[in-house]
Structures are given as structure tokens and as C-alpha cells.
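Take a look at the letters that make up each chain.
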Amino acid sequence: MLEAAIRVADRGGVAAITMRRVAQELGVEAMSLYHHVPNKDAILDGVIDVVFAAITLPSTECDDWRDAIRVRASSARVVLSQHSWALGLMDSRRNPGPATLRHHDAVLGVLREAGFTLPMAAHAVSLIDSYIGGFVLQEANLPVTTPDDVEEVAGGILERLPVDELPYLTEMIVDYALRPGYDHTSEFSYGLDLILDELEARRRQSLDTAT
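For clarity, every value in this text was computed on a predicted model and none was experimentally measured.

What is the right way to look at the overall build of the protein in this model?
The number of helices and strands found in the protein is nine helices and zero strands. From first element to last, N terminus to C terminus, the protein shows the α and β order α-α-α-α-α-α-α-α-α. Against the compact-globule benchmark of 17 Å for 211 residues, the protein has a radius of gyration of 21 Å, which places it well outside the compact range. With the C-alpha coordinates aligned to their principal axes, the bounding extent of the protein is approximately 65 × 60 × 25 Å. Considering the protein as a whole, with its 211 residues, one finds that 38% of them fall into the buried category. Put simply, 68% of the contacts in the protein that link residues at least 6 apart link residues at least 24 apart. Carbon and sulfur atoms provide 53% of the accessible area of the protein, an area that totals close to 12600 Å².

Have a look at this one:
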């Protein structure tokens, strides 16, 4: 049933998840769903738990906490790109499921074991998750998905661009976006590394201050 609800949301967004539509997806009567769940909220709780379960958990056994968080962040980006409708629900559920709780505990565990103070761990989680969510939303709305798309869209903009009036935008398109090998998806790793490196610097500063 939860898999059916996810398929419904993947096609029509979270608003499409209704008892009737999920039942149609399963080929059953809507009333039959109430034998398994009490209401729509229970389905929403369940699908979010399924989404969290699909994201790779970070491991405390990594030598560098950044490697563990990087793996988790990259996995979250892939999963959420497939189910971007879930972004608005992930932190709003009042009855989080076991996979959701396990996921949050694992992320906090990596940070705390690495020496982050409790406030710093909270700041780190908020910052990293905001970055992942924001990037996924931006990526979902970009008019490009492949390098060929980039060339087509950027080239079309360049044809209409008043070069003399907008020299820096022209430079960005000509000397960056349209250069061979440019891949807009690489921006995720670059931004993530900046965040993780700054958090590492602050972690070390905090440890030095404590000693």
C-alpha cells in the first residue's frame, strides 16, 4: 500500500495522495484501506518512513566524519530527486516511523562521535539538510537534465543576450556553462564540501577551546 501511495505521489505530488487514489492504484475499494490504516495521515507517515529507509545511513566507522556525511548526503539527494514531493513532509510528521528515527539518530551519532557539541550537531544537521533540500528543489525546476540540454538552453539564452550590457552573465555562459565537460550536477559536491570543511574547522576550534 505504501509503495502504491509513493507511485501516486511521484506522478501527482503529495496532494495526490488520497485514500481513493491509493485504492485505485491498488485496484481495490477505498474503504478496504481502512482495514490497514486509520486515515490518510497514517499513509503520509508511512511513505515518509519508506523514503527515509531508502537513504543510506552514515557510518560511525569512517575515519573522517565528513566521508560518512558525504555518503549520506549524496544518497539523500538521489532519493529525494526521485521523490521531491517528500521534502515538505520530512520534518513535519508528528508520528515519525522507525526508519525515520533510526536515520536521524545515525546522523547525530556520526557528529557526536566526531566530537561535535550538541548545539554544533544541531546546527550541522540543519545546515546540511537545508542544503540538500534546497539543491534538490532547484535541480527539480531546472530546464536541463543533460549536458545537451545545457548547451541548448544556454545557447538559446546567449543568442538573445545583450552582451555589452550583461558581460558577467555572458562570461559565465561562454567560458563556463558551454565549455566541454561542464556538468551542472557537480555543483552539489562542491557546495557540500564547502559546508563540511567549514564545519570541520569549527569542530576543531571547539575542541581546541575545550582543551
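Read on, since the account is not over.
Teacher, can you tell me more about the pattern of salt bridges here?
Side-chain pairing between opposite charges can occur once the charged atoms of the two side chains come close. Throughout the structure, instances matching the rule amount to 13 salt bridges. In this structure, the salt-bridge partner of Arg7 is Glu25, at a minimum N-O distance of 2.9 Å. Pair noted here: Arg7 is in helix H1 (residues 2–12) and Glu25 is in helix H2 (residues 19–26), with a separation of 18 residues, a long-range link. Given the relative accessible area of 38%, Arg7 is considered partly exposed. We note a salt bridge from Arg11 to Glu25, for which the minimum N-O separation is 2.5 Å. In this pair, Arg11 is assigned in helix H1 and Glu25 in helix H2, connecting sequence segments 14 residues apart. Overall, Arg11 belongs to the exposed group, its relative accessible area being 59%. Taking the relative accessible area as the measure of exposure, Glu25 reaches 26% and is therefore partly exposed. Look at the salt bridges and you will find they share partners, linking Arg7, Arg11 and Glu25 into a network.

Looking at this structure, I do not really get the environment of Ile6. What am I missing?
Note that Ile6 resides in helix H1. Other than its neighbours up to four places away in sequence, Ile6 contacts Val47, Val50, His83 and Trp85.

I'm lost on the nonpolar core in this one. Help?
Nonpolar side chains tend to gather and get buried jointly when the protein is soluble and globular. The biggest cluster of nonpolar side chains holds 46 residues, and the ones touching the most others in it are Trp65, Trp85 and Phe116. Looking at this core, the elements that each hand over two or more residues are H1, H2, helix H3 (40–54), helix H4 (65–82), helix H5 (98–113), helix H6 (118–141) and helix H9 (186–210). The leading source of residues in this core is H6, at eight residues. Sequence-distant contacts of Phe116, that is, excluding residues within four places in its chain, are made with Trp65, Leu111, Ala121, Ala124, Leu199 and Arg203.

Explain the packing of aromatic side chains here, please?
Two numbers describe a pair of aromatic rings. These are the distance of the centres and the angle of the planes. Inspection of the entire model under this criterion finds four aromatic pairs. Taken together, a centroid distance of 6.1 Å and an interplanar angle of 45° make the contact between Tyr131 and Phe135 tilted. Within this pair, Tyr131 and its partner Phe135 are both found in helix H6, separated by four residues, close to a single helical turn. A relative accessible area of 10% means that Phe135 is categorised as buried. Each ring, one from Tyr131 and one from Phe188, has its centre 5.4 Å from the other, and the planes form 20°; the classification is stacked. Within this pair, whereas Tyr131 is found in helix H6, its partner Phe188 is found in helix H9, the two being separated by 57 residues in sequence.

Here is what the cut-offs are and how they apply
Numbers given to residues run from 1 along each chain, matching the order in which its sequence is written. Local features are withheld for residues below a pLDDT of 70 in this predicted model, meaning they are given only at 70 or higher, and side-chain atom pairs are given and counted only at 80 or more; totals for whole chains, interfaces and linings count all residues. Hydrogens and water molecules were not included; the side-chain quantities draw on all heavy atoms of the structure. Helical segments are the DSSP runs of H or I of at least four residues, strand segments are the runs of E of at least two, and each set is numbered from the N terminus. Restricting the calculation to C-alpha atoms gives the radius of gyration, and the globule rule supplies 2.2 Å times the number of residues raised to the power 0.38. Three labels apply to residues, based on accessible area from a 1.4 Å probe with only protein chains included: buried if under 20% of the type maximum, exposed if over 50%, partly exposed otherwise in between. It only takes one pair of heavy atoms within 4.5 Å for two residues to be counted as in contact. Each accessible area is a Shrake-Rupley result for a 1.4 Å probe, and residues are judged covered by the shown protein chains and nothing else. Whenever Lys or Arg places a side-chain nitrogen within 4 Å of a carboxyl oxygen from Asp or Glu, that contact is recorded as a salt bridge. Definition used in this section: a nonpolar core is a set of buried Ala, Val, Leu, Ile, Met, Phe, Trp, Tyr and Cys residues joined via side-chain atoms within 4.5 Å. Stacked, edge-to-face and tilted are the three classes for Phe, Tyr and Trp ring pairs, Trp counted by its six-membered ring, which pair at centre distances within 6.5 Å; planes under 30 degrees apart are stacked, over 60 edge-to-face, the rest tilted.

By themselves, these figures tell us nothing about what the structure is for.
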